[in-house]
Amino acid sequence: MKIIKRVNHLVLILTMIVSFQINAESIQDATWYLSMDIDQLQNNEIVKILKGENSEIEIPQELTYLTVYGDSRGVDDATAVVTGDFRHFSIANHVLDLLYTKKEASQMIKEDSLLYHDHEVKIIMVRNDGEEGEDEFKKIYFSKINDNLSVVSLHLNEVKNWIDNVYGDLDINKDSLFAVVVNVESALAHMGMNLDDNSHMMHSKIFQKVSQVSASVTEVADDILLEVALSANDEAAATLIEQVINGLVAMHNLSNANNNELHAILMQNLTIERNANNVLINTYAALAELKKMDMDKQLNGEKKTVVKLKPLKFN
């Protein structure tokens, strides 16, 4: 069993890095990103509801913003850029402290470090089950770039790029990686994925005409707003995609399948519209209504099954 399954409350950044099986040797090669405003999420009502009172997931208060990026065409490499207060806090040391509280941790992990341009790069090696030789351990690289920025990556060269200020002009908080359609300025979390070179990910020929997918989660007044945008190759393709989505929604509503209260609210508030070559899908739920729900039941069903994170693999 992999170490990630043995550590229930492993810090969020390491969980995401190990879970997402993606590749990007440099930020210019990235075809997708995911960003989270940790400051907003820490105090957000909906996040508190989803976590519950007994949640073991704790995000260090020193972290303020996280962006993970990669290339869906490859496997086994990813990079996360974290802003926060790193004057006296180290992500690598925090992860190691968590890991060493677990049984058999000394057999599952190794640690090392190297010096690059006066920056220490901490290396945590996690055992890969069933692998031998050079692949027996997955290496994760951590480095503090400055007092406000740290990088975690499965690719050493990308850590070196950040140390060398190759991306010095990139405003990671505004995510200039992609020109996404959805709102990002006030979003709790948002993502973008370019599909021009990844049409194989869409099994439908119609949706192979989508060039980019973007999404965001935003708190607006007393509601949680979900936005999804599908950017098509042209207006004709966008019109066809809009018609298909409307048809699928209509079929779903006729099936009377909304026996889940949360699902029913999101479907009831769903709107779909086209703007040029973009298809915008929006829905929302009132925070007051969410607070009344048994979120474990809404998300996991009557049997109270536990949702576990599994690695995402892109073929």
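This one's a predicted model, so the numbers in the text were calculated from it and none came from an experiment.

Chemist: Explanation requested: the side chain of Ser153 in the structure shown.
Modeler: Tracing the backbone through its elements, the reader meets Ser153 in strand S8 (residues 149–153). By relative accessible area, which is 0% here, Ser153 ends up buried. Separated by 3.1 Å, the side chain of Ser153 and the backbone oxygen of Ala78 make a polar contact.

Chemist: What's the story with the nonpolar core in this structure? I'm lost.
Modeler: In summary, soluble globular proteins display a tendency toward joint burial of nonpolar side chains. Of all hydrophobic cores here, the largest spans 50 residues; its most connected members are Ile91, Phe142, Leu230, Ile241, Ile245 and Val279. The residues contacting Ile245, other than those within four sequence positions of it, are Phe207, Leu230, Ile272, Val279 and Ile281. Among the nonpolar cores identified, the runner-up in size contains 25 residues, and Tyr33, Tyr69, Val151 and Ala229 belong to it.

Chemist: Whenever I open this one, the pattern of salt bridges confuses me. Can you help?
Modeler: If charged atoms from side chains of opposite charge come close, those side chains can pair. Per the stated rule, a full pass over the model turns up five salt bridges. We note a salt bridge from Glu235 to Arg274, for which the minimum N-O separation is 3.5 Å. With Glu235 in helix H8 (residues 235–254) and Arg274 in strand S12 (residues 271–275), the pair connects residues that are 39 residues apart, well separated along the chain. Assessed through its relative accessible area of 33%, Arg274 is described here as partly exposed. Connected through salt bridges with shared partners, the residues Glu235, Glu242 and Arg274 form a single ionic network.

Chemist: Explanation requested: the pairing of strand S6 (residues 119–127) in the structure shown.
Modeler: For a regular strand, side-chain orientation follows a simple rule: the groups alternate between the two sheet faces. Burial runs high along S6: seven of the nine residues are buried. Hairpin connection between strand S5 (residues 109–116) and S6: a loop of two residues separates the two successive antiparallel strands, and His117 in this loop has a positive phi of roughly 50°.

Chemist: Looking at this model, I keep getting lost on the sheet that holds S8. Mind explaining?
Modeler: Hydrogen bonds between backbone groups are what pair the strands of a sheet, and the pairing can be parallel or antiparallel. The sheet built from twelve strands is open, its strands ordered S5-S6-S7-S8-S4-S3-S2-S9-S10-S11-S13-S12 with antiparallel pairing. With partners counted over all chains shown, the strands left at the sheet margins are S5 and S12, one partner each. When strand polarity is set aside, the average angle formed by the axes of neighbouring strands in this sheet is 15°. With seven bridges joining them, S6 and strand S7 (residues 137–146) adopt antiparallel strand pairing. Bridging from a neighbouring strand, Val126 pairs with Lys138 of S7. Contacts between helix H5 (residues 91–99) and the sheet are confined to strand S3 (63–70), strand S4 (79–84), S5, S6, S7 and S8, with S6 contributing the most and set at about 30° to the helix. Packed onto the sheet, H8 meets strand S10 (210–220), strand S11 (223–232), S12 and strand S13 (278–286) and runs at close to 170° relative to S12.

Calculation criteria
- Residue positions within a chain follow its written sequence, with the count starting from 1.
- For this predicted model, a pLDDT threshold of at least 70 governs which residues receive local features, and a threshold of 80 or more governs which side-chain atom pairs are given and counted, while totals over whole chains, interfaces and linings are taken from all residues.
- Excluded from the side-chain calculations are hydrogens and water; all other atoms, namely the structure's heavy atoms, are used.
- Runs of E in the DSSP output that reach at least two residues are strands. Runs of H or I that reach at least four are helices, and both are numbered from the N terminus.
- For the exposure calls, accessible area comes from a 1.4 Å probe over protein chains only, and a residue counts as buried if that area is under 20% of its type's maximum, exposed if over 50%, partly exposed in between.
- In protein, a polar contact requires one atom able to donate a hydrogen and another able to accept it; more generally it is a pair of N or O atoms within 3.5 Å, and residues adjacent in sequence count only if both atoms are side-chain atoms.
- As used in this record, nonpolar core signifies buried Ala, Val, Leu, Ile, Met, Phe, Trp, Tyr and Cys residues forming a set joined through side-chain atoms within 4.5 Å.
- Contact definition: two residues touch when any of their heavy atoms are within 4.5 Å.
- Basic side-chain nitrogens of Lys or Arg form a salt bridge, by our definition, when they fall within 4 Å of a carboxyl oxygen of Asp or Glu.
- Pairing between two strands is assigned when DSSP locates at least 2 bridges connecting them.
- Axis lines are fitted through C-alpha atoms, for helices just across the contact stretch, and the angle between N-to-C directions can take any value from 0 to 180 degrees.

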